[in-house]
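# Fold and geometry: a report
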Amino acid sequence: MASSAGLALCGQALVVRGGSRFLATTTASSDDDSLFTYDCSTAEKKSQENKGEDGQPVEKGSDTILASTFSKSGSYFALTDDSKRLILFRTKPWQCLSVRTVVRRCTALTFTASEEKVLVADKSGDVYSFSVLEPHGCGKLELGHLSMLLDVAVSPDDRYVLTADRDEKIRVSWALAPHNIESFCLGHTEFVSRIFMVPDHPELLLSSSGDCTLRLWDYRRGQELHCCHLTSLQEPAGPWSDKRFAASRISYWSRDSCVALLCDSVPVVYVFQLDVPARQLVYKQQLSFQHRVWDVAFEESQGLWVLQDCREAPLVLCRPVDGQWQPDPETAVGKRVCAHLRGNWAMLEGSAGVDDGFSSLYKATFDNMTTYLKKKEERLQQQLRKKRHKNPSPGPNGQAKKVKSGEAS
């Protein structure tokens, strides 16, 4: 549900988005310097753009890209924007296939493993499916929650649809019959901000939450395998030690089973290693940056790409050196992509002061007891004053003292 800058990688295809625009290029070290750019403000305008699929009027949005993703093979790319549109692209070569209207603003989207559908989760708690093979087909309602959805994922075999909502739940539903629920993954105490299927271990799921935890699940059984409290990894006197934060991105590197976790508004990337036999996450290190980090993504052949709020070096490649991840600013690929981003800095500039929208999702706490006790004390004092007025205090002879009318005057 982010509206800040974002990063998407699949193979050697790289997309950087910001505002209403994105640019696509390649991380291949060849001489291919091709660049594809797209601006949602110039997208196809529908004749019925003032009505959604439910027939209700649709308020005009800002065209800001809210979410984007590649299909598994990288052949397709999809995004949703603030104008309630789903835009589908073919990537080889890049071509816009369709612009479709969604019912409500979307928070997340993902392709099925077969790449036949794209699933879109929205703020009202619903998941719609849109055909990829019929790029102009209407959406179909698949399932719904009673609260806002923040992320959606599909199992590698397309059997299950996993959804994460604001009410601390992760639901595992059957893809062919979404009203049948396989399990719930319960344990988070705040909204579930991100879920991630581990690609080479299809039985495992990673999740993050506003409760500052990263958890590992056997999602089919709804069993929590490991929980890592991120607050325990911070320095006690650190600048973010008393700050609440939620993960805005979980990325995975199959080569060494590395997990990178980026939290909103914190210029730190946490690195873990997934110990599959032990069914746990092992904390390795944290990468600190001088500038705000917008997004991170692993590339299997290169390392960890970091998109940051720095015009001189907006994209940094980190690689493992002697077991520790370190920035490598001298790569030719990194310099080439940074040159493209500097030439299109206007699309990223508007993301400088934009957060990921998680701050408004935390539970609101009210101290009703203090107000109650204060009002109770006032009520008791008032009752005591009324009682004293009806029964005056006795005089020196044990009788109530009466005031003569002459004395009163």
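Structure report, in brief. Here, residues in each chain are numbered from 1, in the same order as that chain's written sequence. Reporting in this predicted model follows two pLDDT cut-offs: at least 70 for local features of residues, and 80 or more for side-chain atom pairs to be given and counted; totals over whole chains, interfaces and linings ignore these cut-offs and use all residues. Water and hydrogen atoms were dropped before computing side-chain values, which therefore reflect all heavy atoms in the structure.

## Remarks on the pattern of salt bridges
Definition used for salt bridges: Asp or Glu carboxyl oxygen within 4 Å of a side-chain nitrogen of Lys or Arg. Counted according to the given criterion, the structure contains 13 salt bridges. Between aspartate 126 and arginine 104 there is a salt bridge, with its nearest N and O atoms 3.9 Å apart. Taken together, the residues aspartate 126 in strand 11 (residues 126-131) and arginine 104 in the loop between strand 8 (94-101) and strand 9 (106-111) connect sequence positions 22 residues apart. Per-residue accessibility, obtained with a 1.4 Å probe over protein chains only, is compared with the maximum for each type, and a residue is labelled buried under 20%, exposed over 50%, and partly exposed between these values. Of the residues examined, arginine 104 reaches a relative accessible area of 33% and is grouped as partly exposed. Residue lysine 169 is joined to aspartate 165 by a salt bridge in which the shortest nitrogen-to-oxygen separation is 2.8 Å. Under the relative-accessibility criterion, lysine 169 is labelled partly exposed at 25%. Runs of H or I in DSSP of at least four residues are treated as helices and runs of E of at least two as strands, each being numbered from the N terminus.

## Points about the pairing of strand 15 (residues 170-174)
Extensive coverage of strand 15 is indicated by the burial of four of its five residues. Pairing geometry for strand 14 (residues 160-165) and strand 15, over five bridges, is antiparallel. In the sheet register, tyrosine 160 faces strand 15, and the bridge partner there is tryptophan 174. Between strand 14 and the antiparallel strand that follows it, strand 15, lie four residues; glutamate 168 among them carries a positive phi value of about 75 degrees. We call two strands paired when DSSP finds no fewer than two bridges between them.

## A few points about the sheet that holds strand 9
The strand order across the open sheet built from four strands is 9-10-11-12, with neighbouring strands paired in antiparallel fashion. Of all the strands in the sheet, just strand 9 and strand 12 (140-144) have a single pairing partner and so form its edges. Pairwise comparison of adjacent strand axes, ignoring direction, gives a mean angle of 25 degrees for this sheet. Looking at chain direction, strand 11 and strand 12 are connected through four bridges and run antiparallel. Along strand 12, the bridge assignment pairs tyrosine 128 with leucine 141. Axis lines are fitted through C-alpha atoms, for helices just across the contact stretch, and the angle between N-to-C directions can take any value from 0 to 180 degrees.

## Focus: a nonpolar patch on the surface
The grouping of Ile181, Phe184 and Leu186 at the surface amounts to a nonpolar patch, some 260 Å² of accessible area in total. Mapped onto the elements, phenylalanine 184 comes out in strand 16 (residues 181-185). What makes a patch is a set of residues exposed beyond 30% relative accessible area and free of salt bridges, joined within 9 Å when like-charged and within 5 Å when nonpolar (Val, Leu, Ile, Met, Phe, Trp, Tyr). Per-residue and other accessible areas follow the Shrake-Rupley method at a 1.4 Å probe size, with only the shown protein chains counted as cover for residues.

## Describing the sheet that holds strand 6 (residues 76-81)
Read from one edge to the other, the open sheet built from four strands follows the order 5-6-7-8, with strand pairing classed as antiparallel. Because the sheet does not close on itself, it has two edges, and the strands there are strand 5 (65-70) and strand 8. Across this sheet, the average inter-strand angle for adjacent strands is 15 degrees, counted without regard to direction. When strand 6 meets strand 7 (residues 85-91), the two strands line up antiparallel, connected through five bridges. Residue leucine 79 lies in a different strand from strand 7, and its bridge partner there is isoleucine 87.

## Some remarks on the nonpolar core
Nonpolar core, defined: a set of buried Ala, Val, Leu, Ile, Met, Phe, Trp, Tyr and Cys residues in which side-chain atoms within 4.5 Å join the residues together. Leu261, Tyr270, Phe272, Leu274 and Leu281 are the most contacted members of the largest nonpolar core, which totals 23 residues. At the level of secondary structure, the elements contributing two or more residues to this core comprise strand 18 (204-209), strand 19 (213-218), strand 21 (247-253), strand 22 (258-263) and strand 23 (268-275). When residues in this core are grouped by element, the largest group, four residues, is from strand 23. Every residue pair with non-hydrogen atoms within 4.5 Å of one another is taken to be in contact. Apart from residues no more than four positions distant in its own chain, tyrosine 270 is found in contact with Leu230, Leu233, Gln234, Phe245, Val259, Ala260, Leu261, Cys263, Tyr283, Gln285 and Gln286. In this structure, Leu9, Leu14, Trp294 and Leu307 belong to the second largest nonpolar core, which totals 19 residues.

The analysis is restricted to geometry; functional conclusions fall outside its scope.
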